[in-house]
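Notes for the structure review
Residue strings, one per chain:
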Amino acid sequence: MARAAARLREAHLRVTAQRMAVLTAIEELSGHPDVEAVRVRAQEVTGGLSLQAAYNVLRVLTEVGLVRCTQIAGHQARYETEQNDNHHHFVCRFCGDIIDVDCVIGKAPCLRADLPEAYHVDEAAVTFWGACPRCTPAEHH
């Protein structure tokens, strides 16, 4: 919790129990948890956290760059600690697991969009879809 408090102060946010609990929950949970998983873990510290309060805290943490919100078609929003590492995601079509994929080209936006010069692209979000090793039939290995 001390680490979460320090990170909140560095982001010039007021340190609250809810913010510390949500930020700590995201750091402790593996993968890309949804809001309910974050809320349940944060409640272990706060004793109570409504779904709306969890969304409000996540929105603030995302806005200041402490948390990354990933929106993947057909899935609830997922959250992770922002690492500023310009990564993408792989989603298993069968079990829904999401894993990070390093950007193979380099720094953001890592892809060139065919847009008029007046448009400035600062990020490209790539989602790879397929089957994870647990869901891939043996004959496809």
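Quick caveat: nothing in here was measured; it's all calculated off a predicted structure.

As for the overall build of the protein chain
The helix and strand tally for the protein chain stands at four helices and five strands. Listed N to C, the secondary structure of the protein chain is α-α-α-α-β-β-β-β-β in terms of helices and strands. On the principal axes, the C-alpha backbone points of the protein chain span a range of 45 × 45 × 25 Å. The proportion of buried residues among the 141 residues of the protein chain is 40%. Counting contacts in the protein chain only where the partners sit at least 6 residues apart, residues at least 24 apart contribute 46% of the total. Roughly 8900 Å² of accessible area belongs to the protein chain as shown, and the carbon and sulfur atoms make up 50% of that amount. In the protein chain, 14 positive and 18 negative side-chain charges are present, and the distance between their average locations comes to 6 Å.

Some remarks on helix 4 (residues 51-63)
When the terminal C-alpha atoms of helix 4 are compared, their 18 Å separation across 13 residues agrees well with the 18 Å that a helix rising 1.5 Å per residue should span. Along helix 4, the positions that sit buried rather than exposed are A53, A54, V57, L58, V60 and L61. Angularly, the buried residues of helix 4 cover 165 degrees about the axis, an arc narrow enough to put them on a single face. Those residues of helix 4 that are exposed and aimed more than 90 degrees away from the buried face are Q52 and E63. Against the buried residues of helix 4 lie helix 1 (2-10), helix 2 (17-28), helix 3 (35-46), strand 1 (67-70) and strand 2 (78-81). One or two positions beyond helix 4, positive phi appears at G65, with a value near 85 degrees.

Here we look at the environment of C69
With respect to the element layout, C69 can be found in strand 1. With relative accessibility at 29%, the residue C69 sits in the partly exposed group. Taking the C-alpha atoms as reference, C69 lies 9.5 Å from D34; in sequence the two are 35 residues apart. Excluding its chain neighbours within four sequence positions, the residues that come into contact with C69 are T62, A77, R78 and Y79.

What to know about a nonpolar patch on the surface
A contiguous nonpolar patch, built from V104, I105 and L111 and spanning about 340 Å² of accessible area, is present on the exposed surface. By the element assignment, I105 lies in the loop between strand 4 (98-101) and strand 5 (127-130).

Description of the environment of Q18
By the element assignment, Q18 lies in helix 2. Using a relative accessible area of 33% as the deciding quantity, one classes Q18 as partly exposed. Distance in space between the C-alpha atoms of Q18 and L49 is 7.5 Å, their sequence separation being 31 residues. When sequence neighbours within four positions are dropped, the list of residues in contact with Q18 reads T46, L49, A53 and V57.

Observations regarding the confidence of the model for the protein chain
Interpretation of this model should avoid reading the predicted coordinates in detail wherever pLDDT is low. Summarising the model, the protein chain shows a mean pLDDT of 87, and 95% of its residues fall at 70 or more. Across the protein chain, the element-wise mean pLDDT spans from 86 in helix 1 up to 95 in helix 4.

Quick word on the side chain of R68
Along the chain, the position of R68 falls in strand 1. There is a polar contact of 3.0 Å between the side chain of R68 and the backbone oxygen of H87. Residue contacts for R68: discarding those within four places in its chain leaves R78, Y79, E80, T81, E82, D85, H87, H89 and E123.

The rules behind each value
Residues numbered from 1 in each chain as written. Predicted model: local features only at pLDDT ≥ 70, side-chain atom pairs only at ≥ 80, totals over all residues. Heavy atoms only, no water. Helix = DSSP H or I, 4+ residues; strand = E, 2+ residues; numbered from the N terminus. Buried < 20%, exposed > 50% of the residue type's maximum accessible area, 1.4 Å probe, protein only. Contact = heavy atoms within 4.5 Å. Areas by Shrake-Rupley, 256 points an atom, 1.4 Å probe, with all protein chains shown as cover. Lys, Arg positive; Asp, Glu negative; His and termini not counted. Charge placed at Lys NZ, Arg CZ, Asp CG, Glu CD. Expected span 1.5 Å × (residues − 1). Arc of directions from axis to C-beta. Patch = residues over 30% accessible without salt bridge, like charges linked within 9 Å, V, L, I, M, F, W, Y side chains within 5 Å. Salt bridge = Lys/Arg side-chain N within 4 Å of Asp/Glu carboxyl O. pLDDT = per-residue confidence, 0-100. Polar contact = N/O pair within 3.5 Å; in protein donor to acceptor, adjacent residues only side chain to side chain.

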